[in-house]
Amino acid sequence: MFASKSRSESDMKKYAEKASALMNFSGKYYIIRTIEDLESLKSEIQKLNFIPAVVLSGGTSSLLMRLSDFRKTVILITLSGNNSLTSGLKARDVLVSKGINVIHFHDKEAKDLAKKLEAVEKIIESLKKSRILLAGIDESHFKKYEIDIEFLKKKFGVNIILSSLEELVNVYEKSKPHEKVLEKFSGKIKKSLDDPAKVRTALETLMKKYSATDVGIRCFPFILRTKVTPCLALSSMLDEGIIAGCEADIQAIIIMKIYQALGQISYIGNVVDYDEESIILAHCTVATKLVRQYELMPHFETGNDIAIRGEFFEGEKVTLAMISNDFRRIIAFEGIIDKVDWRDNICRSQVKIRIRDAKKVVNKLFAGHLVLAYGSWKEYFKLLSSMLNLKFIDVP
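What this report covers is the structure whose coordinates are included nearby. Every value quoted in this text rests on a predicted model; they were computed, and no experiment measured them. (Residues numbered from 1 in each chain as written. Predicted model: local features only at pLDDT ≥ 70, side-chain atom pairs only at ≥ 80, totals over all residues. Heavy atoms only, no water.)

1. Looking at the overall build of the protein chain
Our working rule: Every helix listed is a DSSP run of H or I at least four residues long, and every strand listed is a run of E at least two residues long, numbered separately from the N terminus. Accessible area is worked out with a 1.4 Å probe on protein chains only. A residue is then buried under 20% of its type maximum, exposed over 50%, and partly exposed in between. Contacts are residue-level and defined by heavy atoms, with any inter-residue pair within 4.5 Å sufficient. Per-residue and other accessible areas were derived by the Shrake-Rupley procedure at a 1.4 Å probe size, with only the shown protein chains allowed to occlude residues. We treat Lys and Arg as the positive residues and Asp and Glu as the negative residues; His and chain ends play no part in the count. Note on charges: their place is set at NZ of Lys, CZ of Arg, CG of Asp or CD of Glu.
Per the secondary structure count, the protein chain includes 16 helices and 16 strands. Across the 396 residues of the protein chain, 54% fall into the buried class. Across the protein chain, every contact between residues at least 6 apart in sequence was considered, and the portion connecting residues at least 24 apart equals 73%. Here the protein chain displays about 17,900 Å² of accessible surface, and carbon together with sulfur accounts for 48% of that area. When the 61 basic and 51 acidic side-chain charges of the protein chain are each reduced to a single mean position, those positions are 4 Å apart.

Given below as structure tokens:
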């Protein structure tokens, strides 16, 4: 927190407590009055992903300007008195002119901000620690779909590991059925689950080999080779908090990682239909924790075994999000789960979400997969986008 050295220490502590209460912040803070104070905290500031700077009074703009030395995003919080806004605006202009990303909250705009900042910090750290294994693809996949994987690595700090289709199939053929898959789904269908259960064993074997934290599988080439779907494997892993993404969709997996850091299990869905006030998603797998009930049935596109038809909880608020293939744009919006009339001409787990002006929303999408989680998370995606200097696509 930044304060003028001309103001009394007791006054500044009082204002600091007021600011902390506004943001609902209960942690440790420092009141910085001089260049020497700032220098003494240099090593601490360098460890941060972003710099929260609360302006307690006027006469602080020159101190705030020195934050440009750290080349980090600055979260600037100004208050409604003591010339806080005046100094903050002056410093903001200089910081921006020096290429610093500044996110400004004034007074009541910062209400409960600490919780959101803590959550976004957790997201950033989680992404930095990620080693995402994409099974069944090679580098040509990124070129074909114009996925800027190098920007992803640089911007988010994510490590990407590739395992070829040949390696995936070879490991699968040598694998034993995974006991957790058999235990979870046995009795749900009058067919052997051994082959679908082997897929999880194969994915976990590869994850261990490459020290991966998360996994995605390029489904269709694998299904065509083996006549087996990964739907049960992915569902069971998701239920246990392991990110396991369909179609090796790295963009969707990144959104799933964000939700995971927010404490949520998520669902990847194809955008298959919409009308004036709703959008429909469908996919052949879902974490069973996300649905009221489920049954097993053949996979939609191939007819192979086995897919999951899950029924989502009607009336619940959800957030839907996606990131572009260049990882520079994020869209997130919220809606309410509505009753869906199940259809046999789309993927098996289907969900209808009631939203405003669905056509306008669909026209702003830049990919075929949306990722859904229960709860209201749009503002978290918006703040994360601002912190990483990404473009946030806002819709009603």
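Anyway, onward from the coordinates.
2. Observations concerning the packing of helix H6 (residues 113-128) against helix H14 (residues 250-261)
The packing of two helices is summarised by the inter-axis angle and the distance between the axes. Going by this rule: Helix axes use the C-alpha atoms of the stretch in contact, all axes being lines fitted to C-alpha atoms, and the angles between their N-to-C directions lie in the range 0 to 180 degrees. Angles below 35 degrees are treated as roughly parallel, those above 145 as roughly antiparallel, those between 65 and 115 as roughly perpendicular, and all remaining angles as oblique. Handedness of a helix crossing follows the sense of rotation of the near helix relative to the far helix, less than a right angle counterclockwise being left-handed and clockwise being right-handed. Three classes are used, and their members are as follows: Ala, Val, Leu, Ile, Met, Phe, Trp, Tyr, Cys and Pro are nonpolar, Asp, Glu, Lys and Arg are charged, and the others, Gly among them, are polar.
Direction vectors running N to C along H6 and H14 enclose 130 degrees, while the axes themselves pass 9 Å from each other. Between H6 and H14, the angle is such that the two are oblique. For the pair H6 and H14, the sense of crossing is right-handed. Side by side, H6 and H14 meet where Lys122, Ile123, Ser126 and Leu127 of the first sit next to Ile254, Lys257, Ile258 and Ala261 of the second. Considered class by class, the residues forming the contact of H6 with H14 number 5 nonpolar, 1 polar and 2 charged.

3. With respect to the pattern of salt bridges
The line we're drawing: For salt bridges, the criterion is a side-chain nitrogen of Lys or Arg within 4 Å of an Asp or Glu carboxyl oxygen.
The final tally for this structure, using the stated rule, is 23 salt bridges. Glutamate 295 serves as the salt-bridge partner of arginine 309, at 3.2 Å between the closest nitrogen and oxygen. Residue arginine 309 is found in strand S11 (residues 307-312), and its partner glutamate 295 is found in strand S10 (residues 291-297); the two are separated by 14 residues along the sequence. Three or more residues are tied together by salt bridges with common partners; here these are Lys180, Arg200, Glu204 and Glu240.

4. Brief notes about unusual backbone geometry
Among all residues except glycine, the phi angle is most often negative; among peptide bonds, the trans geometry is most common. Along the chain, aspartate 305 connects to isoleucine 306 via a cis peptide bond; the corresponding omega equals 0 degrees. With respect to the helices and strands, isoleucine 306 occurs in the loop between S10 and S11. Residues other than glycine seldom take positive phi values, yet asparagine 82 does so here, at roughly 60 degrees. Position of asparagine 82 among the secondary structure elements: in the loop between strand S2 (73-78) and helix H5 (84-97). Judged by its relative accessible area of 27%, asparagine 82 falls in the partly exposed class. Here aspartate 357, not a glycine, exhibits a phi torsion of approximately 50 degrees, which is positive. Among the secondary structure elements, aspartate 357 is positioned in the loop between strand S14 (349-354) and helix H15 (358-364). Take aspartate 357: its relative accessible area is 41%, and that puts it in the partly exposed class.

5. Overview of the sheet that holds strand S4 (residues 131-135)
The line we're drawing: Only strands joined by at least two bridges in the DSSP assignment are considered to pair.
With respect to topology, 4 strands assemble into an open sheet ordered S5-S4-S6-S7, the strand pairing being parallel. Every interior strand has two partners, whereas the edge strands, strand S5 (159-163) and strand S7 (244-246), have only one. On average, adjacent strands in this sheet sit at an angle of 20 degrees to one another, irrespective of strand direction. Across 5 bridges, S4 lies against S5 in parallel orientation. Bridge pairing links leucine 133 to isoleucine 161 in S5.

6. Describing the nonpolar core
The line we're drawing: Nonpolar core, defined: a set of buried Ala, Val, Leu, Ile, Met, Phe, Trp, Tyr and Cys residues in which side-chain atoms within 4.5 Å join the residues together.
Counting residues in each nonpolar core, the largest one holds 101 residues, and the members touching the most others are Leu56, Ile250, Phe312 and Phe381. Ranked by the residues each element gives to this core, the list is headed by H14, at 9 residues. Excluding its chain neighbours within four sequence positions, the residues that come into contact with isoleucine 250 are Ile132, Leu134, Ile147, Ile149, Leu152, Ile160 and Phe327. Ranked by size, the runner-up nonpolar core spans 25 residues in total, among them Ile161, Cys219, Phe222 and Leu234.

7. What to know about a positive patch on the surface
Our working rule: Two distance rules govern patches: like charges are joined within 9 Å, and nonpolar side chains (Val, Leu, Ile, Met, Phe, Trp, Tyr) within 5 Å, applied only to residues with over 30% relative accessible area and no salt bridge.
Side chains of Arg356, Lys360, Lys364 and Lys391 sit close together on the surface and give a patch of like positive charge. Looking at the element boundaries, lysine 364 is found in helix H15.

8. Some details on the packing of aromatic side chains
Keep this limit in mind: A pair of Phe, Tyr and Trp rings is counted when the ring centres sit within 6.5 Å of each other, with Trp represented by its six-membered ring. The angle between the planes then sorts it: under 30 degrees is stacked, over 60 is edge-to-face, the rest tilted. A ring has a charge above it when a Lys NZ or an Arg CZ is no more than 6 Å from the ring centre and no more than 35 degrees off the ring normal.
Here the structure, examined in full by the defined rule, presents 6 aromatic pairs. Ring centres of tyrosine 267 and phenylalanine 312 lie 4.9 Å apart, and the angle between their planes is 65 degrees; this geometry places the pair in the edge-to-face category. Note that tyrosine 267 is positioned in strand S8 (residues 267-274) and phenylalanine 312 in strand S11, a separation of 45 residues in sequence. Looking at lysine 184, its charged tip hangs above the ring of phenylalanine 185, at a distance of 5.8 Å from the centre. A cation over an aromatic ring shows up here: arginine 329 above the ring of phenylalanine 366, its NZ or CZ 4.6 Å from the ring centre.

9. Concerning the packing of H6 against helix H16 (residues 378-387)
Two elements in contact, H6 and H16, have axes separated by 10 Å at closest approach and are oriented at 65 degrees. For the pair H6 and H16, the crossing hand works out as right-handed. Taken together, the residues of H16 that come into contact with H6 (itself represented by Leu113, Lys115, Lys116, Leu117, Ala119, Val120, Ile123 and Ile124) are Glu379, Tyr380, Leu383, Leu384 and Met387. Looking at the contact of H6 with H16, its residues break down into 10 nonpolar, no polar and 3 charged.

10. Comments concerning the environment of alanine 135
Turning to its location among the elements, alanine 135 is positioned in strand S4. Spatially, the C-alpha atom of alanine 135 lies 11 Å from that of isoleucine 160, the residues being 25 residues apart in sequence. Apart from residues no more than four positions distant in its own chain, alanine 135 is found in contact with Ser163, Leu168, Leu203, Gly216, Ile217 and Arg218.

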